[in-house]
Amino acid sequence: MSLSGALSNAITGLNAASRSAQVVSSNLSNIMTEGYGRREIELGARYGTGSGGVQLVGITRHENTAMIAELRSANSEMSYNDTLTGFHSRLEGLVGTPDNASSLSARLADLEASFVAAASRPDLSVRLDEVVHNTAVVARSVGEVSDGIQNMRQEADRSIGQAVDQINTQLEQVKELNAEIARNENSGLDASGLKDQRQVLIDGVAEWMPLREVDRGQGRVALYTVGGAQLVDGPASELSFTTTNTIVPHMTLEAGLLSGLSINGVEVPVDPEAGPLRGGKLTALFKLRDTEAVNAQTELDAVARDLVERFQDATLDITRAPGDAGLLTDGGGAFDPLNEVGLSGRLEVNALVDSAQGGASWRLRDGLGAATLGVAGNSGLIQDYYDALGAGRSIGSGKFAGETRSASQLGANLTSDIGINRLESERELTYSTTRASEIEAMVLAEGVDSDQEMQKLMMIEQAYAANAQMLQTIDEMMDTLMRAI
């Protein structure tokens, strides 16, 4: 081999070692970088130049597409369960657990106890006032739970709107990266960094809805939901949703009072089990807003209805005129069973017994329709109120409709069901979180291995030193030749 050929080999070897070191250092520095795919340099022999050497063939970005797809699915499921678990936990916090003094069950127990105390000394206005106070506390507690449920629906609606804007932006960016990656690959340029960015974007979309990624060649990918809705295939689809400023109990998607979701102007079902966007955080928010929270409001309204009807019973207080409200009212008036939706948010203590509203607590003893004070020691009506709370009564609506419960039993059933739902959702979340963690660990195991990269770096160092030594030897040989001439 001539000296010029040897020189060419050494120089190309140094260039290859330098470029290899750059790739290895990039791998090591990006071990924790989200979406980063391990790079590997491809080298080949130079042919047709007469002097030989080594040349850079390309840089390959490694990724396990099947494992990444599985991880996206697991993260989507985890986000779905996390959203619903958050709702059930907050709902339980609103209703309270039986050991909590401010829970609905405890408030009902306090009301029953105050009736017992008032019946033992009906002549003491302080005990009658305590009954009125506890009745108002029960009404307020039920109302606060109702407000909390509607606030969670409002938050879910707002989150859906923000998510749709974010998804539209991400889909448009995926489309643009598709085009840029294709241009780079057609020009022979390295598009690995762009693919990293695209993977991060797709992972972000997958958190909201499970995806299928389809390779379209030339570095382009198409995105479809697991239910078959097209998101990106050439152009990017556009999702549409209209947020609602205020949500009240009667407003539902089925009634046409809340927005659904459209893709490219076409309304799509948001069924969390069978819809085209099923699974993921987006459908969990729709389920929260349109199913879980609505069901919770229905059960709470059933409890409110039961309380109102117990005190509104025509046989309970003969001083009331037919159609008059009882001790608990629907916004100050009598309750109409046809207007049950949202009742829990309208509960009020009857103004006739509330001194803050111009009434007097002695009417608990003498009757809501009494015009004057009666016998101070008469506890009959107060005892009847207590019996009405504790009596087994056929429930008029909700999950327990037609079954016999006392007021405290119905409240306990509501609290128990909420706790069971919370535990079930936490169990599902634990499973999906564990699954996602295990898959993530497998994906990371196939990523950058720092020990392996350091071994490569040592080999590159040796190759660099050998080529540098060759250059030094060639230089000395050329100096010797020049001196001989």
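Note: the structure precedes this text.
Notes on the structure in this doc start here. Quick caveat: nothing in here was measured; it's all calculated off a predicted structure. (Residues numbered from 1 in each chain as written. Predicted model: local features only at pLDDT ≥ 70, side-chain atom pairs only at ≥ 80, totals over all residues. Heavy atoms only, no water.)

Turning next to the overall build of the protein chain. Secondary structure summary: the protein chain contains 10 helices and 12 strands in total. Taking 485 residues into account, the globule formula puts the C-alpha radius of gyration at 23 Å, and the protein chain, at 36 Å, lies well above it. Along the three orthogonal principal directions, the C-alpha set of the protein chain runs to about 140 × 45 × 35 Å. Relative to its full complement of 485 residues, the protein chain shows a buried share of 46%. The contacts in the protein chain between residues at least 6 apart in sequence include a share of 63% that link residues at least 24 apart. Put simply, the protein chain shows about 23,400 Å² of open surface, and 52% of that area lies on carbon and sulfur atoms. Within the protein chain, the 67 negative side-chain charges are centred at a point lying 2 Å from the centre of the 38 positive side-chain charges. (Helix = DSSP H or I, 4+ residues; strand = E, 2+ residues; numbered from the N terminus. Rg over C-alpha atoms; globule rule 2.2 N^0.38 Å. Buried < 20%, exposed > 50% of the residue type's maximum accessible area, 1.4 Å probe, protein only. Contact = heavy atoms within 4.5 Å. Areas by Shrake-Rupley, 256 points an atom, 1.4 Å probe, with all protein chains shown as cover. Lys, Arg positive; Asp, Glu negative; His and termini not counted. Charge placed at Lys NZ, Arg CZ, Asp CG, Glu CD.)

Attention shifts here to the packing of aromatic side chains. Enumeration according to the criterion identifies four aromatic pairs in this entry. Residues Phe-115 and Phe-311 carry aromatic rings whose centres are separated by 6.2 Å and whose planes lie at 45 degrees to one another, so their mutual orientation is tilted. On the criterion of sequence distance, the pair formed by Phe-115 in helix α3 (residues 104–120) and Phe-311 in helix α6 (residues 280–312) is long-range, its members being 196 residues apart. By the burial criterion, Phe-115 is buried, and Phe-311 matches it. Residues Phe-241 and Phe-286 carry aromatic rings whose centres are separated by 5.8 Å and whose planes lie at 85 degrees to one another, so their mutual orientation is edge-to-face. Of this pair, Phe-241 sits in the loop between β6 (239–240) and β7 (261–263) while Phe-286 sits in helix α6; the two residues are 45 residues apart in sequence, bridging distant segments of the chain. (Phe/Tyr/Trp six-rings, centres within 6.5 Å; stacked < 30°, edge-to-face > 60°.)

Over the atoms a probe the size of a water molecule is rolled, and this reveals where empty space is left. Taken as a whole, the largest pocket encloses approximately 910 Å³ of empty space. Lining the largest pocket are 33 residues, and of these Gly-35, Leu-71, Gln-199, Val-443 and Leu-444 lie nearest its centre. Listed by contribution, the elements that provide at least two residues to the lining of the largest pocket are α2 (65–95), α5 (192–208) and α9 (407–445). Of all the elements, α2 adds the most residues to the lining of the largest pocket, at eight residues. Of the residues contributing to the lining of the largest pocket, the split by class is 10 nonpolar, 12 polar and 11 charged. In this structure, the second largest pocket encloses a volume near 590 Å³. Considering the residues around the second largest pocket, the lining is formed by 27 residues, among which Arg-61, Glu-63, Glu-185, Lys-195 and Arg-198 are closest to the centre. (1 Å grid on protein atoms, 1.4 Å probe; cavity = no way out; pocket = protein on both sides within 12 Å on 5 of 7 lines; lining within 4 Å. Points joined across faces, edges and corners; volume = space filled by probe spheres on them. Nonpolar A, V, L, I, M, F, W, Y, C, P; charged D, E, K, R; others polar.)

Let us look at the nonpolar core. Ranked by size, the top nonpolar core spans 84 residues in total, and within it Phe-115, Met-209, Leu-239, Leu-261, Leu-282 and Tyr-385 carry the most contacts. Looking at this core element by element, the count peaks at 18 residues for helix α4 (residues 125–186). Every residue in contact with Phe-115, bar those within four places of it in the chain, is listed here: Val-131, Phe-311, Leu-327, Ile-382, Tyr-385, Tyr-386 and Leu-389. If you look at the next biggest cluster of nonpolar residues, it comprises five residues, including Leu-71, Ala-74, Ala-436 and Ile-439. (Core = buried A, V, L, I, M, F, W, Y, C linked by side-chain atoms within 4.5 Å.)

If you walk across this open sheet you meet the three strands as β6-β7-β8, and the pairing is antiparallel. Edge strands, defined here as strands with exactly one partner in the open sheet, are β6 and β8 (266–268). Sheet topology note: the β6/β7 ladder contains two bridges and is antiparallel. From the neighbouring strand, Ser-240 faces β7, where its bridge partner is Ser-262. (Pairing = 2+ DSSP bridges.)

What follows deals with the pairing of strand β3 (residues 211–217). Every regular strand shows the same layout, with side chains that alternate between the two sheet faces. Two strands pair when backbone bridges link them, and β3 and strand β4 (residues 220–225) are joined in this way by six bridges, in the antiparallel orientation. Bridged to Leu-211 within β4 is Thr-225.

This next bit is on the environment of Asn-339. Looking at the secondary structure, you find Asn-339 in the loop between β9 (328–330) and β10 (347–349). Considered as a pair, Asn-339 and Leu-444 are 105 residues apart in the sequence and their alpha carbons are 57 Å apart. Discounting residues that sit within four places of it in the chain, Asn-339 has contacts with Asp-330 and Arg-346.

In spatial order, the strands read β3-β4-β5; together these three strands make up an open sheet with antiparallel pairing. Whereas interior strands pair on both sides, the edge strands pair on one side only; in this sheet they are β3 and β5 (230–232). The average angle at which neighbouring strand axes cross in this sheet is 30 degrees, direction not considered. (Axes fitted to C-alpha atoms, helices over the stretch in contact; angles between N-to-C directions.)

Taking 1.5 Å per residue as the helical rise, α4 with its 62 residues ought to reach 92 Å, and the 90 Å between its terminal C-alpha atoms agrees with that figure. Where α4 ends, the next residue or the one after it, Gly-188, has phi of about 80 degrees, a positive value. (Expected span 1.5 Å × (residues − 1).)

Along the chain, the position of Ser-344 falls in the loop between β9 and β10. Residue classification places Ser-344 among the buried residues on the basis of a relative accessible area of 0%. Looking at Ser-344, its side chain comes within polar contact range of the side chain of Asp-301, at 2.6 Å. If sequence neighbours within four positions are ignored, Ser-344 has contacts with Val-142, Gly-143, Ser-146, Gln-297, Leu-300, Asp-301 and Ala-304. (Polar contact = N/O pair within 3.5 Å; in protein donor to acceptor, adjacent residues only side chain to side chain.)

The final tally for this structure, using the stated rule, is one cavity of 30 Å³ or more. In this structure, the largest cavity occupies an estimated 30 Å³ of space. As for the largest cavity, its lining consists of Leu-91, Val-95, Val-145, Ile-149, Ala-296, Leu-300, Leu-414 and Ile-418. Class assignment for the residues of the lining of the largest cavity results in eight nonpolar, no polar and no charged.

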